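# Report on the structure
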Amino acid sequence: MRKFVTLLLGIALALSVSAADAATPLRLATTTSTDNSGLLDVLLPQFKKATGISVHVIAVGTGKALRLGANGDVDVLLVHAPPAEMKYMHGGNGVNRRKVMYNDFVIVGPASDPAGIKGGKDAVKAFEAIAKHQATFVSRGDDSGTNKKELILWRDAHIKPQGKWYRAAGQGMGKVLQIAGELHAYTLTDRGTWLAYQDKVPLKILVQGDDRLFNPYHVIAVNPNKYPDVDYTGAMQFIAWLTSVPGQHAIRDYRLHGKQLFHPTAITKH
Amino acid sequence: MDELWHASYRAMVLLFSGNPGLWEIIGISFAVSLKAIVIATPAAFAAAFVLAYTRFRGRGLVMSVMNTALSLPAVVVGLTLYLLLSRSGPLGDLRLLFTQTAMTVGQVILAFPLVFVMSHSAIQAGQRSAWETALTLGASPPRAVLTVLYEVRFGLIAAVIAGFGRIVAEVGSSMMVGGNIAHFTRNIPTAIALETSKGEFAQGIALGFVLLVLAFGLNIVLTVMQRRGGIAS
Amino acid sequence: MNAALRLTDIHKHFGERRILDDVAIALESGQCHVLSGRNGAGKTTLMKILAGLERPDSTQVKLDGVARPWRQLRHTLRRDVVYLHQYAYMFDASVEDNVGYGLRAARLPAGERRARVAEALERVDLTHLAGANARTLSGGERQRVALARAWVLRPRVMLLDEPTANMDRESREQTWFLLRRLRGDQLCVVVATHDTQAIATLPDVHLHLEEGKLRRQPAGAHDPAPSPVSAAHPAATAHDPRREGRM
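What counts, and where the lines are drawn
Residues numbered from 1 in each chain as written. Chains lettered and ligands numbered in written order. Predicted model: local features only at pLDDT ≥ 70, side-chain atom pairs only at ≥ 80, totals over all residues. Heavy atoms only, no water. Helix = DSSP H or I, 4+ residues; strand = E, 2+ residues; numbered from the N terminus. Buried < 20%, exposed > 50% of the residue type's maximum accessible area, 1.4 Å probe, protein only. Contact = heavy atoms within 4.5 Å. Areas by Shrake-Rupley, 256 points an atom, 1.4 Å probe, with all protein chains shown as cover. Polar contact = N/O pair within 3.5 Å; in protein donor to acceptor, adjacent residues only side chain to side chain. Buried area = accessible area lost by both parts, 1.4 Å probe. Salt bridge = Lys/Arg side-chain N within 4 Å of Asp/Glu carboxyl O. Nonpolar A, V, L, I, M, F, W, Y, C, P; charged D, E, K, R; others polar. Phe/Tyr/Trp six-rings, centres within 6.5 Å; stacked < 30°, edge-to-face > 60°. Lys NZ or Arg CZ within 6 Å of the ring centre and 35° of its normal. Patch = residues over 30% accessible without salt bridge, like charges linked within 9 Å, V, L, I, M, F, W, Y side chains within 5 Å. Pairing = 2+ DSSP bridges. Axes fitted to C-alpha atoms, helices over the stretch in contact; angles between N-to-C directions.

## Thoughts on the overall build of chain C
Scanning chain C for helices and strands turns up 8 helices and 10 strands. Buried positions account for 52% of the 247 residues belonging to chain C. Of the contacts made within chain C by residues no fewer than 6 positions apart, 68% connect residues no fewer than 24 positions apart. With the model as given, the accessible surface of chain C reaches about 11700 Å², and the carbon-plus-sulfur share is 48%.

## Observations regarding the side chain of C:Lys48
With respect to the secondary-structure elements, C:Lys48 resides in helix 1 (residues 43-50). Within polar-contact distance, the side chain of C:Lys48 engages the side chain of B:Glu132 at 3.0 Å. Dropping the residues within four chain positions of it, C:Lys48 is found in contact with B:Glu132, C:Leu53, C:Glu54 and C:Tyr83.

## Considerations on the interface of chain A and chain B
Of the residues lining the interface, 26 residues belong to chain A; the matching set on chain B comes to 27 residues. Of the roughly 2300 Å² buried between chain A and chain B on both sides combined, carbon and sulfur atoms contribute 56%. At the boundary of chain A with chain B, the tally comes to 1 salt bridge. Residue A:Asp229 is joined to B:Arg95 by a salt bridge in which the shortest nitrogen-to-oxygen separation is 3.0 Å. Summed over the shared surface of chain A and chain B, the number is 8 residue pairs in polar contact (both at pLDDT 80 or more).

## Some details on the interface of chain B and chain C
Opposite the 21 residues of chain B that make contact, chain C presents 20 residues. Scanning the region where chain B abuts chain C turns up 3 salt bridges. The residue C:Arg135 makes a salt bridge to B:Glu151 at a minimum N-O spacing of 2.7 Å. On inspection of chain B and its partner chain C, the count reaches 8 residue pairs in polar contact (both at pLDDT 80 or more). Only helix 6 (128-136), helix 7 (141-151) and helix 8 (153-168) of chain B provide two or more residues apiece to the side of chain B that touches chain C. In terms of residue count, the dominant contributor to the side of chain B that touches chain C is helix 6 of chain B (7 residues). Taken together, the residues that form the side of chain B that touches chain C break down as 10 nonpolar, 7 polar and 4 charged.

## Considerations on the packing of aromatic side chains
Under the counting rule described, the total for this entry stands at 18 aromatic pairs over all chains. With a centroid separation of 4.6 Å and 10° between ring planes, the pair formed by B:Phe49 and B:Tyr53 is classed as stacked. Placement of both B:Phe49 and B:Tyr53 in helix 2 (residues 20-53) is noted, with a separation of 4 residues, approximately one turn of the helix. Relative to B:Phe116, the ring of B:Phe112 lies with its centre 6.0 Å away and its plane at 15°, an arrangement referred to as stacked. Here B:Phe112 pairs with B:Phe116, and both are found in helix 5 (residues 100-125), just 4 residues apart, close to one helical turn. B:Phe116 gets classed as buried once you look at its relative accessible area, which sits at 2%. Through a chain of ring-to-ring contacts, three or more aromatic side chains come together here, namely A:Phe127, A:Phe137, A:Trp154, A:Trp165 and A:Tyr166. Lying over the aromatic face of B:Tyr82, A:Lys64 brings its terminal NZ or CZ to 5.7 Å of the ring centre. Lying over the aromatic face of B:Tyr150, B:Arg153 brings its terminal NZ or CZ to 4.0 Å of the ring centre.

## Thoughts on a nonpolar patch on the surface
Residues and elements named next belong to chain B. A surface patch of nonpolar side chains, about 210 Å² in accessible area, is lined by Val50, Phe56 and Val62. Here Val62 shows up in helix 3 (residues 59-69). Here Val62 falls in the partly exposed class, since its relative accessible area comes to 31%.

## Topic: the sheet that holds strand 2 (residues 17-28) of chain C
Residue and element names in this part refer to chain C. Taken in spatial order, the 4 strands line up as 2-1-4-5 in an open sheet, and their pairing is antiparallel. The strands lining the two open edges of the sheet, one partner per strand, are strand 2 and strand 5 (66-68). When the angles between neighbouring strand axes are averaged without regard to direction, this sheet yields 20°. Strand direction decides the pairing type here: strand 1 (residues 3-14) and strand 4 (residues 61-63), joined by 2 bridges, are antiparallel. Across the sheet, residue Thr8 finds its bridge partner in strand 4, namely Lys62.

## A word on the pairing of strand 10 (residues 213-217) of chain C
Here 5 bridges tie strand 9 (residues 205-210) of chain C to strand 10 of chain C, and the two strands are oriented antiparallel to one another. In the sheet register, C:Glu210 faces strand 10 of chain C, and the bridge partner there is C:Lys213.

## Focus on unusual backbone geometry
Even without glycine at this site, A:His184 takes up a positive phi of about 50°. Its place among the elements puts A:His184 in the loop between helix 8 (173-183) and strand 7 (186-190). Its identity is not glycine, yet C:Arg107 carries a phi of approximately 60°, on the positive side. Position of C:Arg107 among the secondary structure elements: in the loop between helix 4 (101-105) and helix 5 (110-123). When its relative accessible area of 70% is taken as the criterion, C:Arg107 is described as exposed.

## Observations regarding the arrangement of the chains
There are 2 pairs of chains in contact here, and the one with the most contacts is chains A and B. You won't find any contact between chain A and chain C; their C-alpha atoms come no closer than 14 Å.

## A closer look at the environment of B:Gly58
With respect to the helices and strands, B:Gly58 occurs in the loop between helix 2 and helix 3. For the pair B:Gly58 and B:Pro189, spaced 131 residues apart in sequence, the C-alpha to C-alpha distance is 37 Å.

Have a look at this one:
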């Protein structure tokens, strides 16, 4: 009996040692859509090569990412929800906010397009049409950057979305696309997630190119005055690299399903 | 249906080709959960013994609390622990958030009530004369406790297996306090949640398969244990 | 005759009832005592207190005339006295391991332990079942295991609680025979029983518990008429030539 217990403990210890991490890594909170796009899988190894810093990525909804920053649980944020970010900055939670890149949102929906918005370039008009026809629309409903963008569009259309046709899923973008596919519904999605899912769901891009669908990304360091033992230097190195020439080129050169997804904005001349 | 078969096939390939990413996730799962059950078990046994063999005023209350704790959703434990461990929280200075240690703590909290309730049941089902016999034959109280526990060992083993089964499959706590960080705090259930939300069904199925095999194996052992426990008395 | 155990000032009550009311008991080595009393009179309680398994009300029970705190007393009693339940508990192990349990607890080296276990098994005629799991044994066999298990520890006192309650006559006689075999100069045996025949023929001393009082009966009495002499009185336990030669 004793031998068996010792063996078990030995296994446990061995496994635990193997999974431990050496130096203190930098903690980055970002959104699930950013993480799912695969960009970080390309950027972070390059960052590590340049600086020797490992990065731990915690991918959650925008609301939660900002919350983590406000609570001092991470060192740096990479998010894409400017109004929420401004509130965050005003709260004294972040410093050195820098623009990094942008991608865009698209409105997708069933090929049958009951609201007749296909080919349009005006997102607000599209939303008006969807509400008018009471065509099923699936919303993120999770306070994410995408969700916030969606709500701004409804506000600009002077519509309060409610009723059976408006479904708030409370899920990540991938799940929401799957749900929209199942329900033959419309939804707003970032292009990155769309590229990853376009072969998996029976939906099509119907509206794109509107300036209002612009999705800018910013990187923000967590305020070291508020949380003195946050890894501020590490965060600044991350910001420096992201906004440096090699970092910006890496962003520009990233391809998802053969298409460029992100457009660097930190340095104007490449 | 076609997609299911396709994904399952790719899942098997991933598993048996020794795909390191996959096995790393499995390793983290076992590291965290084994540690948690090793910590929770002796404490649960001791508490269960005390409750079965001593009389004190709050006894009924303790039982009620523990039985209620069985219904604690993992995500509630995770949220509470997050609030405690956050840098802005009371235990923030421990810097435990988003580490495997935090995940282990959450799982200890989840496992303890289950192991406690089941082992208490097993100990109570045992005969009190076992305790008295051990003492009268000259065993010291600690030795007598071990003897009593040994006599109901099949029930106790079942309790530990049940506890392990619960925590190795939980996602609510691990996700919250672990953060699902790749190569670090991503275990089987959090990985499944991530992969399926990305539509990566092959990975999700592969991991789910591991979990199912584990659960099935545990259940067989459990059944054998309990049957033997029935005969041995 | 030396005293194996002398305990006085024993009180125990359950709710309203006084189970043991200032009980005093003196046991002698080499003697066989019978403890009689109706069901629920408190024989088991008294025995468990004597074995250190149950706590009496009074905190100053006297051992050999000296008052001691129960904690200390309990330790001494558990060491020198073995209590055998009416239905003996068999550990989930072989007969050998059951019999050797106390020796292992006392950390006796394996060789010596095995020798003493073998000797005990022989005394109770269980050598042929040494390797069997004790839980597969019959009631009578289990009792023999319990007896061997206790005897092998060479205790000062062995307390048997209704050892023959559910037995037929033949099994009962076997049990008494076995007890006679195990008795020795250093061992004192106390048997709680209803068996009138045993009460009549078995013991050197007959104690009767009634209404919380422990009284000594004249030898051979079937009818437990209370005698004025209390068992605590040293004179009453003096060597009685009448009982010589009886078992």
